[in-house]
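Now for the letters of each chain:
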Amino acid sequence: MFEPPARVSDSLLDTPAPTLLHGDIRAVLFDLDGTLADTAPDLVAAVNKVRIDRGLPPGPYETLRLQASHGARGLIGSAFGVTPEDAAFASLRDAFLANYEAALCVQSHLFEGIPALLAALAERGMPWGIVTNKAARLTNPLVKLLGLADNAACVVSGDTTPHSKPHPAPLLYAAECLGIAPAQIVYVGDDLRDVQAGKAAGMATVAAAYGYCGDSLAPAQWQADAVVERAGAIAPLVMSPA
């Protein structure tokens, strides 16, 4: 179980960062893969096992890592050059998901600075939650294995609502779970669709440039309210000094 260290907020708030997004933030929501946790090692291992099982060499880690926030569609597409419309996609996806579910949290870990950030939020009495496009059957055990389940105020998966990001429905559902207006919530994510969903939901948005971020538009071009290069820079954006 995640045990927050004592008195961390002051040191986090001393970290140089842009000024507060606004003065009435009451909660923070996070994407999971590439934002809270570095899950790429296990995701890439799962898709490379599919390649190896088919007599192919492993794909390059750094190339596949960029697709980690895009789940099976992105990883299968990069590893095999196929799209969901191709006949081979379904079997490749099923094999990848079976591999991943069998080794869900072998090398995955929270990004540096995330445990201290979550402890700081708890110390200030600010609830935080998770909104991911990962299916619940993978999200829930992973969140538990990462030590986040007991402290997250809400966990919204890609199949919790009828729509997934970039649709705002998952974020609006999370706001409803928290009982906090979207305008008083910040959403942090490492993909353009995270920023699009956050904006559509009426939330402030932070682009996590330390995450996977895909291979197209740079985070600075996502029109987020702020861009951070490390998790430790998030606290000064959402919490005023005590």
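This one's a predicted model, so the numbers in the text were calculated from it and none came from an experiment. (Residues numbered from 1 in each chain as written. Predicted model: local features only at pLDDT ≥ 70, side-chain atom pairs only at ≥ 80, totals over all residues. Heavy atoms only, no water.)

Chemist: If you had to explain the sheet that holds strand β1 (residues 27-30) to someone new, which residues and values would you point to?
Modeler: Across the sheet, which stays open at both edges, the six strands sit in the order β5-β4-β1-β6-β7-β8 with parallel pairing between neighbours. Since the sheet does not close on itself, it has two edges, and those belong to β5 (155-156) and β8 (226-228), each with one partner. Both β1 and strand β6 (residues 185-189) contribute to a ladder of four bridges, which runs parallel. Opposite Ala27, over in β6, you have Ile185 as the bridge partner. Together, β1 and β4 (128-131) form the strand contacts of helix α6 (residues 114-123), whose direction differs from that of β1 by roughly 150°. Each of β1, β4, β5 and β6 touches helix α8 (residues 169-178); the most contacted strand, β1, lies at about 140° to it. (Pairing = 2+ DSSP bridges. Helix = DSSP H or I, 4+ residues; strand = E, 2+ residues; numbered from the N terminus. Contact = heavy atoms within 4.5 Å. Axes fitted to C-alpha atoms, helices over the stretch in contact; angles between N-to-C directions.)

Chemist: Account for the environment of Ile130, naming residues and giving values.
Modeler: Mapping Ile130 onto the fold places it in strand β4. Judged by relative accessible area, which is 0%, Ile130 ranks as buried. Considering only alpha carbons, one finds Ile130 and Cys154, 24 residues apart in sequence, at a separation of 6.2 Å. With near-sequence residues (within four places) excluded, Ile130 lies in contact with Leu29, Phe30, Leu32, Leu36, Val143, Leu148, Cys154, Val155 and Val156. (Buried < 20%, exposed > 50% of the residue type's maximum accessible area, 1.4 Å probe, protein only.)

Chemist: Give me the confidence of the model for the protein chain: which residues, what numbers.
Modeler: Note that predicted coordinates carrying low pLDDT should not be read in detail. The predicted model of the protein chain averages 91 in pLDDT, with 90% of residues at 70 or higher. The low-confidence segment residues 1-18 (pLDDT under 50) makes 41 contacts with residues lying over four places distant or belonging to another chain. (pLDDT = per-residue confidence, 0-100.)

Chemist: Requested: an account of the nonpolar core, with residues and values cited.
Modeler: Counting residues in hydrophobic clusters, the biggest one holds 58 residues, and the most contacted among them are Phe30, Leu36, Phe96, Ile114, Leu121, Trp128 and Leu148. Per-domain counts for this core show at least three residues from each of domain 1 (27-38 + 108-239) and domain 2 (40-103). Beyond its immediate chain neighbours, meaning those up to four positions away, Ile114 contacts Thr35, Leu36, Tyr210 and Ala231. Membership of the second largest hydrophobic core comes to 15 residues, among which are Leu29, Leu178, Ile180 and Met203. (Core = buried A, V, L, I, M, F, W, Y, C linked by side-chain atoms within 4.5 Å. Domains from an automatic or database assignment.)

Chemist: Account for the side chain of Asn48, with residues named and values stated.
Modeler: With respect to the helices, strands and loops of the structure, Asn48 is situated in helix α2 (residues 40-53). Excluding its chain neighbours within four sequence positions, the residues that come into contact with Asn48 are Pro58, Gly59 and Leu64.

Chemist: Explain the packing of α2 against helix α4 (residues 71-80) to me, and be specific about the residues and the numbers.
Modeler: Two elements in contact, α2 and α4, have axes separated by 10 Å at closest approach and are oriented at 45°. The orientation of α2 with respect to α4, classified from their angle, is oblique. α2 and α4 meet at a crossing whose hand is right-handed. The segment α2 lies against α4, with Leu43, Val47, Val50 and Arg51 engaging Leu75, Ile76, Ala79 and Phe80. (Parallel < 35°, antiparallel > 145°, perpendicular 65-115°, else oblique. Left-handed = near helix turned anticlockwise from the far one by under 90°.)

Chemist: Quick one: what's the story with α4, residue by residue and with numbers?
Modeler: Within α4, the full set of buried residues consists of Ala72, Gly74, Leu75, Ile76 and Ala79. Residues of α4 that are buried make contact with α2, α3 (61-65) and α5 (89-102). One or two residues past the end of α4 sits Gly81, with phi positive at roughly 70°.

Chemist: Report on the pattern of salt bridges, specifying residues and quantitative values.
Modeler: What the rule picks out here adds up to seven salt bridges. Two residues, Lys165 and Asp31, come together in a salt bridge whose shortest N-O distance is 3.0 Å. Here the residue Lys165 occupies a position in the loop between β5 and α8, and Asp31 occupies one in the loop between β1 and β2 (37-38), the gap between them amounting to 134 residues. Classification of Lys165 by relative accessible area gives buried; the value is 4%. With its nearest N and O atoms 3.2 Å apart, the salt bridge here joins Lys134 to Asp33. Placement of the pair is Lys134 in the loop between β4 and α7 (136-145) and Asp33 in the loop between β1 and β2, with a sequence separation of 101 residues. Note on Lys134: relative accessible area 10%, which makes it buried. In this structure Asp33 comes out as buried when scored by relative accessible area, which is 7%. If you follow the salt bridges from partner to partner, you end up with Asp31, Lys165 and Asp194 in one network. (Salt bridge = Lys/Arg side-chain N within 4 Å of Asp/Glu carboxyl O.)

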